[in-house]
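One-letter residues, chain by chain:
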Amino acid sequence: MTSLQEWLDVASNNLANVNTTGFKRDELTFRDAMERELRPAGGGHALGSMGAGAISFSAHTVMEGGAVQATGNPLDLAIEDPRGMFAVETPRGLRYTRDGAFKLDPQGMLVTQQGHPVLDDTLSPIGPLTGALRVDANGEVFADGDSVARIGVFAGAFRKEGGNLFQSGNAEPLEESRVAPGALESSNVNPIEAMIAMITVQRAFELSQKTISQQDELTQRLIQSLQER
């Protein structure tokens, strides 16, 4: 039941982020809590093994890309390489994200919807920007036709932190990175699969509860029968 609860938490979080831009779904792997080898009484060759239930072994983030949807907003960007991440500066330090829904703050700096400054390929903030803005497929930012910066796209080993942000200790800029201007990457969560997973886990959890209740009832009957002797 503990493992099922962990699985339910992951599945429900995935489903809750089905419309989150650039969200990457999480998955769990399981293994037997304890595996016992079965042998005949008195020894001999092993007859097989029997598990004692499943426990969660590890959690991982599936980094495959989501669908790219056109928005028409020139500051919206979608990374075409599934390895890449945008770099942003947060109050907790350097972080990475696939959410390319960018905007300008009152000072003309390029920021995320949460106000985190977007960084170029040298990890410097981009801006202030004025005039007619355009971003090409190579990530070059143009203001009134002049190239002013190149949005950084980084690859490395990323670890999900929360808030659609990732950490990395070895991310390096991709020399050749392609972005889709005027478009956003949708979540890679399949809502139908996530809903089926939630239903499956809930039913398994309920079955486990019933099994425990039945076991308790049988134990009580056994105790009563022994007391009456």
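Everything quoted here is computed from the prediction, not taken from an experiment.

## So, the overall build of the protein chain
Looking only at helices and strands, the protein chain has 2 helices and 19 strands in total. In terms of overall size, the protein chain is more extended than a compact globule, its C-alpha atoms giving a radius of gyration of 26 Å where 229 residues would be expected to give roughly 17 Å. Once the C-alpha set of the protein chain is aligned to its principal axes, its extents read approximately 95 × 35 × 30 Å. Residue burial in the protein chain is summarised as follows: out of 229 residues, 37% are buried. Pairs at least 24 apart in sequence give 59% of the contacts found in the protein chain among residues at least 6 apart. With the model as given, the accessible surface of the protein chain reaches about 13,500 Å², and the carbon-plus-sulfur share is 52%. Looking at charge distribution, the protein chain has the averaged site of its 19 positive side-chain charges lying 8 Å from that of its 30 negative ones.

## Re the nonpolar core
L77, F86, L110, V118, I126 and I151 are the most contacted members of the largest nonpolar core, which totals 21 residues. In this structure I126 touches G108, M109, L110, V118, L119, D120, A149 and I151, once residues within four positions along its chain are discounted. With 10 residues, the next largest nonpolar core counts A194, A197, M198 and V201 among its residues.

## Brief notes about the sheet that holds strand β12 (residues 140-143)
Strand order across the open sheet formed by 3 strands is β11-β12-β13, with antiparallel pairing between neighbours. The outermost strands of the open sheet, each flanked by one partner alone, are β11 (133-135) and β13 (146-150). Neighbour-to-neighbour, the strand axes of the sheet open up by a mean angle of 25°, direction not taken into account. Bridging between β12 and β13 involves 4 bridges; their strand directions are antiparallel. Each bridged residue has a counterpart across the sheet, and for V141 the counterpart in β13 is A149.

## Examining the side chain of T112
Checked against the element boundaries, T112 lands in strand β10 (residues 110-112). Not counting residues within four places of it along the chain, the set of residues in contact with T112 comprises V88, A101, F102, K103 and V118.

## As for the packing of aromatic side chains
Applying the stated criterion across every chain yields a total of 3 aromatic pairs. Look at F86 and F102: their rings are 5.0 Å apart centre to centre, the planes differ by 75°, and that puts the pair in the edge-to-face class. Taken together, the positions of F86 in strand β7 (residues 85-90) and F102 in strand β9 (residues 102-104) put the pair 16 residues apart, joining distant regions of the chain. Residue classification places F86 among the buried residues on the basis of a relative accessible area of 0%. Since its relative accessible area comes to 1%, F102 is described here as buried. On the basis of an interplanar angle of 65° and a centroid distance of 5.9 Å, the ring pair of Y96 and F154 is categorised as edge-to-face. Taken together, the residues Y96 in strand β8 (residues 93-97) and F154 in strand β14 (residues 153-155) connect sequence positions 58 residues apart. Here Y96 and F154 have matching classes, each one buried. Clustering of aromatic rings is evident, with ring pairs tying together Y96, F154 and F158. Over the ring of F142 we find R134; its NZ or CZ atom is 4.3 Å from the centre of that ring.

Definitions and cut-offs
Residues numbered from 1 in each chain as written. Predicted model: local features only at pLDDT ≥ 70, side-chain atom pairs only at ≥ 80, totals over all residues. Heavy atoms only, no water. Helix = DSSP H or I, 4+ residues; strand = E, 2+ residues; numbered from the N terminus. Rg over C-alpha atoms; globule rule 2.2 N^0.38 Å. Buried < 20%, exposed > 50% of the residue type's maximum accessible area, 1.4 Å probe, protein only. Contact = heavy atoms within 4.5 Å. Areas by Shrake-Rupley, 256 points an atom, 1.4 Å probe, with all protein chains shown as cover. Lys, Arg positive; Asp, Glu negative; His and termini not counted. Charge placed at Lys NZ, Arg CZ, Asp CG, Glu CD. Core = buried A, V, L, I, M, F, W, Y, C linked by side-chain atoms within 4.5 Å. Pairing = 2+ DSSP bridges. Axes fitted to C-alpha atoms, helices over the stretch in contact; angles between N-to-C directions. Phe/Tyr/Trp six-rings, centres within 6.5 Å; stacked < 30°, edge-to-face > 60°. Lys NZ or Arg CZ within 6 Å of the ring centre and 35° of its normal.

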